[in-house]
Amino acid sequence: MASRSCSGKVCDWTQTQTDTMVSRLACYLHLSRRAGHYTVQQNQSPHGDRSGLSTANSSTRSPSTDPASLRAHPRSQSSYSPKPGCSPKPGSSPKPGSSPRHSPNPSSIYRARPPCQRSNSQDSLDDLEMDDYWKEVENITSSGGEAGRGEGGGEGETQEEEQQKIPEEGEQEEAWLTEAGLARLFDDSLAADQDQEEDNAVFLSTLTRSQVAAVERRVTSLQQTLLRRRNRHYVPDVRDIFRPPEKDEAPSKLKEGSENGQKDVTSAEAETELNVEVAFSEQALTYRDNNQRLKVTTSPNSADDKLPNFKLLQDKTGQTRIGDLSPLDMKKVRRLVLVESTALFDTAGIDLKAQKAVKVKTKESGLFGVPLATLLDQDQRRAPGTKVPFILQRLMSHIEEEGLDTEGLLRIPGAAIRVKALCQDLESSFYDGVFQWHQLKQHDAASLLKMFIRELPHPLLTVEYLNAFIAVNKLPTKKQQLQALNLLVLLLPEANRDTLKALVEFFKRVIDHQAKNKMTLNNVSVVMAPNIFMFKGFRSKVTEQQEFSMATSTANIVRLLTRYQKLLWTIPKFIMTQVRHQNMESHRKQNKERAVRKLLKKITTDKPSDKAVPEESSQGFIRVQAPQFSKVSMAVQLTEELQAADVLTRFLSQDSSVAVKRDELCLYETGGNIKERCLDGETYMKDLFQLNPTAEWVIRAVQR
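All values reported here derive from a predicted model rather than from experimental measurement. (Residues numbered from 1 in each chain as written. Predicted model: local features only at pLDDT ≥ 70, side-chain atom pairs only at ≥ 80, totals over all residues. Heavy atoms only, no water.)

**A look at the overall build of the protein**
When you go through the protein residue by residue, the secondary structure sums to 25 helices and 15 strands. Counting every position in the protein, which comprises 704 residues, the buried fraction comes to 49%. Counting only contacts in the protein whose residues sit at least 6 apart along the sequence, the fraction spanning at least 24 positions is 81%. (Helix = DSSP H or I, 4+ residues; strand = E, 2+ residues; numbered from the N terminus. Buried < 20%, exposed > 50% of the residue type's maximum accessible area, 1.4 Å probe, protein only. Contact = heavy atoms within 4.5 Å.)

**Re the environment of Ser-341**
Tracing the backbone shows Ser-341 in helix H10 (residues 327-347). Spatially, the C-alpha atom of Ser-341 lies 7.3 Å from that of Leu-488, the residues being 147 residues apart in sequence.

**As for the pattern of salt bridges**
A side chain of one charge can pair with a side chain of the opposite charge when the charged atoms of the two come close. For the structure on display, the rule yields 22 salt bridges. As a salt-bridge pair, Glu-427 and Lys-363 come within 3.3 Å of each other at their nearest N and O atoms. Of this pair, Glu-427 sits in helix H13 (residues 416-429) while Lys-363 sits in the loop between strand E9 (356-357) and helix H11 (372-380), and the two are 64 residues apart along the sequence. Note on Glu-427: relative accessible area 28%, which makes it partly exposed. Among the salt bridges present, the one from Glu-640 reaches Lys-686, with a minimum N-O distance of 3.0 Å. (Salt bridge = Lys/Arg side-chain N within 4 Å of Asp/Glu carboxyl O.)

**Thoughts on the nonpolar core**
As a rule of thumb, nonpolar side chains are buried together in soluble globular proteins. Ranked by size, the top nonpolar core spans 127 residues in total, and within it Val-215, Leu-410 and Phe-507 carry the most contacts. Ranked by residues supplied to this core, first place goes to helix H17 (residues 494-511) with 9 residues. Formed by 22 residues, the second largest nonpolar core is a distinct cluster that contains Ile-622, Val-636, Met-685 and Trp-697. (Core = buried A, V, L, I, M, F, W, Y, C linked by side-chain atoms within 4.5 Å.)

**Quick look at the packing of helix H12 (residues 390-402) against helix H14 (residues 442-454)**
Two elements in contact, H12 and H14, have axes separated by 10 Å at closest approach and are oriented at 155°. In terms of axis orientation, H12 runs roughly antiparallel to H14. With respect to the hand of their crossing, H12 and H14 are arranged in left-handed fashion. Only Gln-442, Ala-445, Ala-446, Leu-448, Leu-449 and Phe-452 of H14 make contact with H12, whose side of the interface consists of Ile-391, Leu-392, Leu-395, Met-396, His-398, Ile-399 and Glu-402. Here the contact of H12 with H14 is built from residues that sort into 10 nonpolar, 2 polar and 1 charged. (Axes fitted to C-alpha atoms, helices over the stretch in contact; angles between N-to-C directions. Parallel < 35°, antiparallel > 145°, perpendicular 65-115°, else oblique. Left-handed = near helix turned anticlockwise from the far one by under 90°. Nonpolar A, V, L, I, M, F, W, Y, C, P; charged D, E, K, R; others polar.)

**Quick look at the pairing of strand E15 (residues 696-701)**
Note that strand E11 (residues 621-625) and E15 share 2 bridges and pair parallel. Bridged to Gln-625 within E15 is Val-698. (Pairing = 2+ DSSP bridges.)

**A word on H14**
In a regular helix each residue adds 1.5 Å, so 13 residues correspond to 18 Å; H14 covers 19 Å between its end C-alpha atoms and thus fits that length. Here H14 lies mainly inside the structure; 12 of its 13 residues are buried. Where H14 is concerned, the buried positions are Gln-442, Asp-444, Ala-445, Ala-446, Ser-447, Leu-448, Leu-449, Lys-450, Met-451, Phe-452, Ile-453 and Arg-454. (Expected span 1.5 Å × (residues − 1).)

**Details of the environment of Phe-430**
Structurally, the position occupied by Phe-430 is in the loop between H13 and H14. The exposure class assigned to Phe-430 is buried, which follows from its relative accessible area of 13%. For the pair Phe-430 and Arg-394, spaced 36 residues apart in the sequence, the C-alpha separation amounts to 9.8 Å. Leaving out residues up to four positions away in the same chain, Phe-430 has contacts with Leu-367, Phe-390, Ile-391, Arg-394, Asp-425 and Trp-437.

**Some remarks on the packing of H17 against helix H19 (residues 521-533)**
Helix packing geometry: the angle between the two helix axes and the distance between the axes. Running from N to C, H17 and H19 point in directions that differ by 145°, and their axes come no closer than 10 Å. Here the hand of the crossing between H17 and H19 comes out right-handed. The segment H17 lies against H19, with Phe-507, Val-510 and Ile-511 engaging Leu-521, Val-524, Met-528 and Ile-532. The residue inventory of the contact of H17 with H19, partitioned by class, reads 7 nonpolar, no polar and no charged.

**Here's the deal with the packing of aromatic side chains**
The description of an aromatic ring pair uses the distance of the two centres, along with the angle that the planes make with each other. With the rule as written, the count across this model stands at 10 aromatic pairs. Ring geometry for Phe-280 and Phe-574: centres 5.0 Å apart, planes at 70°, overall edge-to-face. In this pair, Phe-280 is assigned in helix H9 (residues 280-291) and Phe-574 in helix H22 (residues 573-601), connecting sequence segments 294 residues apart. Judged by its relative accessible area of 2%, Phe-280 falls in the buried class. (Phe/Tyr/Trp six-rings, centres within 6.5 Å; stacked < 30°, edge-to-face > 60°.)

**Quick word on the sheet that holds E15**
The strand order E12-E11-E15-E13-E14 describes an open sheet built from 5 strands, whose pairing is mixed. Edge positions in the open sheet fall to strand E12 (633-637) and strand E14 (674-678), since each of these has one partner strand only. On average, adjacent strands in this sheet sit at an angle of 25° to one another, irrespective of strand direction. Summarising the sheet, E11 and E12 pair through 5 bridges and their orientation is antiparallel. Considered in E12, the bridge of Arg-623 is made with Ala-635. Sheet strands in contact with helix H24 (residues 644-654) are E11, E12, strand E13 (665-671) and E15, and its direction is about 135° off that of E12.

**Regarding the environment of Lys-661**
Tracing the chain through its elements places Lys-661 in the loop between H24 and E13. Judged by relative accessible area, Lys-661 falls into the exposed class, the value being 57%. When the C-alpha atoms of Lys-661 and Ala-701 are compared, they prove to be 9.0 Å apart, with 40 residues separating the residues in sequence.

**What to know about the confidence of the model for the protein**
Residues shown with low pLDDT carry predicted positions that ought not to be read at fine detail. Here the protein averages 74 in pLDDT, and 62% of its residues register 70 or above. Low confidence marks residues 31-84, where pLDDT is under 50. Its contacts with residues over four positions away, or in another chain, come to 179 contacts. Overall, residues 245-270 carries pLDDT values under 50, and its contacts beyond four positions in sequence, including any with other chains, amount to 56 contacts. (pLDDT = per-residue confidence, 0-100.)

**Re helix H20 (residues 544-563)**
What sets the pattern is the α-helix's 3.6 residues per turn: residues three or four places apart point alike. For H20, built from 20 residues, the straight-helix expectation of 28 Å at 1.5 Å per residue is met to within 8% by its first-to-last C-alpha distance of 29 Å. Bending of H20 peaks at approximately 35° at the position of Met-550. Within H20, 14 of the 20 residues are buried, leaving the element largely enclosed by the surrounding structure. (Bend = angle between axes of the 7 residues up to and from the residue.)

**Looking at unusual backbone geometry**
Its identity is not glycine, yet Thr-462 carries a phi of approximately 70°, on the positive side. Relative to the assigned elements, Thr-462 resides in the loop between H14 and helix H15 (463-471). A positive phi angle, near 60°, is found at Lys-518, a position not held by glycine. Tracing the backbone shows Lys-518 in the loop between helix H18 (514-517) and H19. For Lys-518, a relative accessible area of 46% translates into the label partly exposed.

**A few points about the pairing of E14**
In the case of a regular strand, side chains alternate between the two sheet surfaces. Looking at chain direction, E13 and E14 are connected through 4 bridges and run antiparallel. Pairing of Thr-670 across the sheet is with Glu-676, part of E14. What sits between E13 and E14 in their antiparallel hairpin is a turn of 2 residues, with Gly-672 showing a positive phi close to 75°.

**Remarks on the side chain of Lys-332**
For Lys-332, the position within the fold is in helix H10. For the buried residue Lys-332, which engages in no salt bridge, the nearest side chain bearing the opposite charge is Asp-329, 4.2 Å off. Not counting residues within four places of it along the chain, the set of residues in contact with Lys-332 comprises Val-579, Gln-582, Asn-583 and Lys-675. (Lys, Arg positive; Asp, Glu negative; His and termini not counted.)

Next up, the structure:
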């Protein structure tokens, strides 16, 4: 039998580094979980590794070739490539031997399909509604918004097409661990920071089992990559080649079903309440363990494709919306959400080949084809605090002012030549306030809105997470899909998240007028999906089969984002619980250090850092501060039914000098196990006080 061979100092050095990495992780993770005691072994098998949102070595799976997903659809006769802003280049003639999507032959574009009726149900996407998707792609093409494979940019090109780069082996694991704040697990060259080490220990101590497994998988995968990278001549042991299957490999074969159209048996989801107290990945593990032996092929219109009327379980301590927390706590939220979202995809066996964003040349001013950050920077100089670009706000408000009853709104395109001229007029006169808005027609305004979205230099859903949004459809249930979208929305940069929220809110207002404008949830979703997902250069990077396969998937994502927007822009309670535990653990460590210093210095006059519960609170009262107003404080008695909204009502009734509107005020929870949190009006104060007894309560104007 062959034996392991390893020669030279390189192997010794590599093994030392590997042992250090694994030992450090084991030291962090050998912790007792309240959710159940467990220990992560140092040498867990790397096989079956799932790299979630950032896996370097994941293989690209071929798209579905189900005939149902490859029906002929109207396609453009012109090939297309990205064009800057409002200067589209006419489509070039297709080259000999090009694919059908570039062929001018009408017979290759429109093929006969069996007759079908448009469904009145909004539970699934039917064939005729998907026709609207391909018509929208054709409209984008004919307007010059895109160009074909391999076409170069026109004169005056200000952008580069290439936006994505496939990372090299190991880069994604490194990037993922770095983004999670765990770079010290693999990089000994980083300066040893005691505070950072303690912060990592606190962070890891609050993770669930599935979250810990997600971290450990990436460290193990990176460890194996480093071994291969630093020891190219490593001779494998024959036992590694012919070793018996590991225990955890059998379930992995079952996991593959969700990617090949095989899904766990599930009826129409009767459950309408979302449990946000238990980690989504833990719920998914339970679902998988209970159903992994029961698989059937589901059709696109099966009961599981319906959209249940989901709602959140009532939380007496209040719902936390995005924007309610301080930046420090939001930083903790993002780290936790990154690990949790990766763990959720891991449970379904979904490998995501995340792309690496690269720098591109972009316009430094203007309206169309300008990065969101640049737009907001120039808008915030005019109006501090702006969160959504002025041009997008103005286009949406104009469409609403003209009335949302216009039939085919968002679906019927404006005249291409007129839209191009309007785009150029906006570029030159928008900020001067001389643009003739009264002459702008509804369909032209809608075309400009869609142009603005699709011509962003980077996709609205970001290069880093676009594949993750698309992969949401691979999750086995609508509940898990919704949970994944909730986490992905939290991961988006603030500018992208706020702009996306403004868009889906606008979509909802359009849908509310569907009796007149004939634009249902499905209609809006299939029309807007190409504009959101087909960023510049998109078609030059995917095969025709992939594009067909993605059509329904991307439309479904827009459908979920629009339907469940009120749920998606909230922070799950289990994440908030982990943030509170991190803060409590950090305070405990700080207090311990202070106690040691106090003992060494023999100082008896120091006061403990944790504030004692005020006497008023021990007697069933809390004191609410209002330093911005004439009535600076008031005592409020805690009762079972007292809510945050009641506290604000009482405050306004006692201080008539307050000029701020009620909806511009917020009661804040400050200190204790949270940095700062704007309370939901339905928060029960007594329940929250029991959760955070040392907090202070402050009324002030909302800072959004």
